[in-house]
Amino acid sequence: MADVVELICYPVKGCAGTSMGEASVTPAGVAHDRSFMVVSEAGVYRTQRRDPRLAVIRPDITADGDRLTLRAPGHGSVEVDVDTSGARRPVDLFGAAYQGIDQGEPVAGWLTRVLGAPSRLVRVPPEHRRVTDGRIPGTSGYADSSALHVMSRSTLDLLHRRLADRGVPPLPMDRFRPNIVVDGWDEPHTEDRAHLLTIGGTELGYTKLAIRCAVTMVDQGTGTAAGPEPLRTLAGYRRAAEGGVAFGAKFAVLRTGKLSVGDDVLVGRWGESELRPGS
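This is a predicted model, so every value here is computed, not measured.

Considerations on the nonpolar core
Counting 27 residues, the largest nonpolar core has Leu148, Ile180, Leu197, Ile199, Leu204, Phe251 and Val265 as the members making the most contacts within it. Counting residues per element, the ones that place at least two in this core are strand 1 (3-9), strand 4 (22-26), strand 13 (148-152), strand 14 (180-183), strand 15 (194-199), strand 16 (202-211) and strand 19 (246-255). Counting residues in hydrophobic clusters, the runner-up holds 19 residues, among them Leu68, Val78, Trp110 and Leu115.

Observations regarding the side chain of histidine 128
Considering the arrangement of structural elements, one finds histidine 128 in the loop between strand 12 (120-123) and strand 13. If sequence neighbours within four positions are ignored, histidine 128 has contacts with Tyr98, Ser140 and Gly141.

Notes on the sheet that holds strand 9 (residues 76-81)
Within a sheet, adjacent strands bond to each other through the backbone by hydrogen bonds, running parallel or antiparallel. Taken together, 3 strands build an open sheet; the order of strands is 7-8-9 and the sheet is antiparallel. The open sheet has two edge strands with one neighbour each: strand 7 (58-61) and strand 9. Mean inter-strand twist for the sheet, computed between neighbouring axes without regard to direction, equals 20°.

Considerations on the packing of aromatic side chains
The tally for this structure, following the rule as stated, stands at 3 aromatic pairs. Plain terms: the ring middles of tyrosine 45 and phenylalanine 94 are 4.7 Å apart, the flat faces sit at 45° to each other, and that makes the pair tilted. Residue tyrosine 45 is found in the loop between strand 6 (36-39) and strand 7, and its partner phenylalanine 94 is found in the loop between strand 10 (88-93) and strand 11 (96-102); the two are separated by 49 residues along the sequence. Both rings, one in phenylalanine 176 and one in phenylalanine 247, keep their centres 4.7 Å apart while their planes meet at 50°; by these two values the pair is tilted. Placement of the pair is phenylalanine 176 in the loop between helix 2 (153-165) and strand 14 and phenylalanine 247 in strand 19, with a sequence separation of 71 residues.

Procedures and definitions
Residues numbered from 1 in each chain as written. Predicted model: local features only at pLDDT ≥ 70, side-chain atom pairs only at ≥ 80, totals over all residues. Heavy atoms only, no water. Core = buried A, V, L, I, M, F, W, Y, C linked by side-chain atoms within 4.5 Å. Buried < 20%, exposed > 50% of the residue type's maximum accessible area, 1.4 Å probe, protein only. Helix = DSSP H or I, 4+ residues; strand = E, 2+ residues; numbered from the N terminus. Contact = heavy atoms within 4.5 Å. Pairing = 2+ DSSP bridges. Axes fitted to C-alpha atoms, helices over the stretch in contact; angles between N-to-C directions. Phe/Tyr/Trp six-rings, centres within 6.5 Å; stacked < 30°, edge-to-face > 60°.

So, in structure tokens, the structure goes:
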């Protein structure tokens, strides 16, 4: 039987994740996941692709979402009384226009010092109504795409075997920034084909493969680029049919509810993988 062995929330897009024993799942994913985003003064999103030091910023948010604390080595911490009613400002996420609520000068100054570039923190407004793409449409905050990212331990184990063949040491799961880690699927990449999941009180529908980028080459503990792995190895066996290197799968929320570490992962419907034939 497959079960959940890790739950991770990423309150601030691009920053470190927080492991959880249980979580509420909203239509946009784990509660508070990617509900904040660091942007330039012009409102353009910051990402580990360009700002790898985002990885060393560790957020902690209260269950009600009213207070956010950010910590970073050598910079102490900053606390934010979360503003959900302030003036909206335009923000850019992958060239798409959204709105954000600026969280004020103290946290902006702190982020600027940590990242070494003028930065601000915004939160999704309550009226945020983003529609994400994929086989099953859904919504999310400031995530790259769908609400939830699922990966299995067997998927990572296969990568480790491939890396070992090249003389490369294993990489931690945090390189791939999943929300839900599943153990008990003996076949690697089962998440490619598990198109309807019931976990705890939630139901999740497959949207698409997770297409990987340079963030996987960032050491999440130090915030430094450490390529070319794993992209070099993944490119040899994980090409998506529509392009890109795939690893893990994205899901939309079909039924909200609670999920916990230890919950059974039940597959209600299987489908074909979107991996390129022969990959």
